[in-house]
Amino acid sequence: MNEFKRVFYIFYKDFSSELRMRFALNALIMFVIVAVSTILFAIGSERAPQNVYAGMFWVVVFFSAMSGLSRAFVSEEERGTNLILSLLANPISIFLGKFLFNLILIFFINSIIAILYLTLFKDFIIQNWNSFLLAFILGNIGIAGSSTIIAAIISKANVRGTLYPVLAFPVLLPLILMLIEITKSAIDGNPVNDVSAEFMVLISYDVVMLTASILVFDIIWRD
Amino acid sequence: MNNFWKILLFVLMTIVLLAGIIPPIVDNPKSFFEFPLIPGLEDKAKIIFFHVPTAWLTVIAYLVAMFYGIRYLRKKEIYDDMKSVSAAALGLLFCILATVTGSVWAKFNWGAFWHWDPRETSIFILLLIYGAYFALRSALEGEEKRARLSAIYSILAFLTTPFFIFIMPRLMIGLHPGALEIDPSTGEIKASANPVIKFQMASNMRIVFFMSLTAFTILFFWIWNLTHRILRIEHKTKQEL
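Residues numbered from 1 in each chain as written. Chains lettered and ligands numbered in written order. Predicted model: local features only at pLDDT ≥ 70, side-chain atom pairs only at ≥ 80, totals over all residues.

Considering the overall build of chain B
And step 1. In terms of helices and strands, chain B carries seven helices and four strands.
And step 2. Across chain B, helices and strands are ordered from the amino to the carboxyl terminus as α-β-β-α-α-α-α-α-β-β-α.
And step 3. Split into buried and exposed, the 241 residues of chain B put 31% on the buried side. (Helix = DSSP H or I, 4+ residues; strand = E, 2+ residues; numbered from the N terminus. Buried ≥ 20, exposed ≤ 12 C-beta atoms within 10 Å, placed from the backbone.)

Spelled out as structure tokens, the structure:
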């Protein structure tokens with residue numbers, strides 16, 4: 001069995017067990033709806049400045065990632081299946097399989113958030129779709145990568161739920177700040193060239209974080 | 001820590017305390033013992049001798065903590081973890097000091113305690129990283145696991161610091177030296193011409209400044225040396241019991 005197949009099978013295992021039980025997905029969709037409606041209630045009939053929405057969009061994305069993505073390794077630890085998993089595959093394929101699952105999950109959830117924002121908020125109008133979509137894709141890759149490695153650390157700790165956002169926030173912040181800047185400029189309708197430096201930061205962040213995660217995952221995984 | 005370093009620290013710190021506070025700030029300095037006036041900073045410029053070294057040590061302490069964390073991962077020697085955690089504890093202390101001195105200075109210079117200037121953001125992130133590091137340590141059971149995972153977290157968190165220290169201040173508008181600002185007449189973002197942001201130190205200030213950096217660094221390594229040795233002794237006595 002080659003490495004790509006292993007990665008795919010680990011992804012497929014999580015994916016099919018998720019489809020069977022839907023514990024993460026249902027709760028996450030409800031979480032997103034609750035979070036967005038809280039913001040709707042907070043704003044009410046008033047009109048906030050447009051670039052506030054850029055920030056609030058990524059706030060909801062961050063917290064839904066924090067409530068959903070830790071499952072990846074915590075579930076293995078809770079069911080006690082991590083030893084069997086490490087017998088079946090090497091750490092790199094385990095990490096990449098989990099990363100792939102988290103990536104698909106966060107893409108799905110963030111698309112829902114984006115659709116909710118675009119339909120429910122009158123002032124959340126993207127004028128430059130190219131830069132928004134590019135930021136959306138790069139941002140999701142970065143969020144999935146960092147959250148997966150932090151989830152692996154968290155799965156070994158005692159107080160998982162509260163610790164996860166605490167550990168992930170400083171690591172994710174450069175990404176989130178750049179994403180907010182790009183989204184602001186996409187709402188204003190500025191060309192992609194205006195935020196080329198921010199895009200370079202996004203790409204380098206994704207590359208640095210994924211590489212480092214693959215390198216250190218081995219040490220986290222082997223007790 | 002031999003006597004040479006202790007005496008050097010005593011001499012340097014005394015000179016820094018005296019030379020950092022006593023010399024008057026005048027428009028046209030004539031003698032070596034007068035500091036030049038920087039428009040916008042005036043007498044408040046003197047806090048730089050104490051504020052910048054604390055920020056510098058926050059970073060140095062983090063590097064030391066990470067260095068010994070990596071060494072622990074390679075050699076599995078529990079004393080390396082003790083060195084790492086005591087450096088991080090001191091780093092947290094200096095991080096708080098840098099934040100407090102910085103925001104006091106900001107209050108009198110820029111009008112408010114906090115501005116979300118890129119440098120302020122980065123010291124805040126460092127504070128969060130130190131906080132998260134200790135939160136993680138207290139949530140992990142078992143010496144070996146705690147040492148291993150906190151070392152890994154320190155590496156992961158360190159990877160984001162270049163973005164804050166080197167990239168953000170050059171992309172965003174700020175108030176610290178080296179930042180960008182908005183040109184009030186044209187509205188363009190450009191390298192700043194403001195005397196505070198373009199800030200160049202006079203030669204005599206620079207001497208005191210570097211003496212202060214050296215003194216604070218020696219002070220850090222002295223305290224660090226004491227704290228990790230205390231941890232080691234505590235560990236040994238626990239084992240003997």
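And the narrative resumes.
Considerations on the overall build of chain A
And step 1. Per the secondary structure count, chain A includes nine helices and zero strands.
And step 2. The helix and strand sequence of chain A, counted from the amino end, reads α-α-α-α-α-α-α-α-α.
And step 3. Against the 2.2 N^0.38 benchmark of 17 Å for 223 residues, chain A shows a C-alpha radius of gyration of 18 Å, consistent with a compact globule.
And step 4. Principal-axis analysis of the C-alpha atoms gives chain A an extent of 55 × 35 × 30 Å. (Rg over C-alpha atoms; globule rule 2.2 N^0.38 Å.)

Some remarks on the packing of helix H2 (residues 48-75) of chain B against helix H3 (residues 78-110) of chain B
All names here are of chain B.
And step 1. Where H2 meets H3, the closest approach of the two axes is 7 Å, and the angle between their N-to-C directions is 160 degrees. Classified by the angle their axes make, H2 and H3 are roughly antiparallel. Remark: the crossing between H2 and H3 carries left-handed chirality.
And step 2. Here the residues of the contact of H2 with H3 are counted per class, giving 17 nonpolar, eight polar and five charged. (Axes fitted to C-alpha atoms, helices over the stretch in contact; angles between N-to-C directions. Parallel < 35°, antiparallel > 145°, perpendicular 65-115°, else oblique. Left-handed = near helix turned anticlockwise from the far one by under 90°. Nonpolar A, V, L, I, M, F, W, Y, C, P; charged D, E, K, R; others polar.)

A few points about helix H4 (residues 118-139) of chain B
For an α-helix the count is 3.6 residues per turn, leaving residues at separations of three or four pointing the same way.
And step 1. Taking 1.5 Å of rise per residue, 22 residues should cover 32 Å, and H4(B) covers 31 Å from first to last C-alpha, within 8% of that figure.
And step 2. What H4(B) keeps buried is the set B:Pro118, B:Arg119, B:Thr121, B:Ser122, B:Ile123, B:Ile125, B:Leu126, B:Ile129, B:Tyr130, B:Ala132, B:Tyr133 and B:Leu136. (Expected span 1.5 Å × (residues − 1).)

Considerations on the interface of chain B and chain A
And step 1. With 24 residues of chain B at the interface, the matching set in chain A holds 23 residues.
And step 2. For the side of chain B that touches chain A, the secondary structure elements donating two or more residues are H4, helix H5 (143-158) and helix H6 (161-171) of chain B.
And step 3. In terms of residue count, the dominant contributor to the side of chain B that touches chain A is H5(B) (eight residues). (Contact = placed C-beta atoms within 7 Å.)

Side note on helix H8 (residues 160-188) of chain A
Residues and elements named next belong to chain A.
And step 1. Compared with an ideal rise of 1.5 Å per residue, which puts 29 residues at 42 Å, H8 spans 39 Å between its outermost C-alpha atoms and is within 8% of the ideal.
And step 2. The principal kink in H8, of about 55 degrees, is found at Leu-172, preceding the proline Pro-174 by one to four residues.
And step 3. The first or second residue beyond H8 is Gly-189, which carries a positive phi of 80 degrees. (Bend = angle between axes of the 7 residues up to and from the residue.)

Focus on the environment of B:Val85
All names here are of chain B.
And step 1. Assignment of secondary structure puts Val-85 in helix H3.
And step 2. With 23 C-beta atoms packed within 10 Å, Val-85 lands in the buried category.
And step 3. Spatially, the C-alpha atom of Val-85 lies 40 Å from that of Glu-42, the residues being 43 residues apart in sequence.

As for the confidence of the model for chain B
And step 1. Per-chain confidence: chain B averages 83 in pLDDT, with 84% of residues scoring 70 or above.
And step 2. This complex was scored by the predictor with a pTM of 0.87 and an ipTM of 0.87. (pLDDT = per-residue confidence, 0-100.)

A closer look at the packing of helix H6 (residues 91-120) of chain A against helix H9 (residues 196-221) of chain A
All names here are of chain A.
And step 1. For the pair H6 and H9, the least separation of the axes is 9 Å and the interaxial angle reads 110 degrees. One way to sum up the angle between H6 and H9 is to call them roughly perpendicular. For the element pair H6 and H9, the recorded crossing hand is right-handed. Judged by residue contacts, Pro-91, Ile-92, Ile-94 and Phe-95 of H6 engage Ser-213, Ile-214, Phe-217, Asp-218 and Trp-221 from H9.

Considerations on the environment of B:Met205
And step 1. For B:Met205, the position within the fold is in helix H7 (residues 203-240).
And step 2. When the 22 C-beta atoms within 10 Å are taken as the criterion, B:Met205 is described as buried.

Digging into the environment of A:Phe63
Residues and elements named next belong to chain A.
And step 1. Considering the arrangement of structural elements, one finds Phe-63 in helix H3 (residues 50-68).
And step 2. Judged by the 14 C-beta atoms lying within 10 Å of it, Phe-63 is partly exposed.
And step 3. A C-alpha to C-alpha distance of 9.8 Å links Phe-63 and Phe-169, two positions 106 residues apart in sequence.

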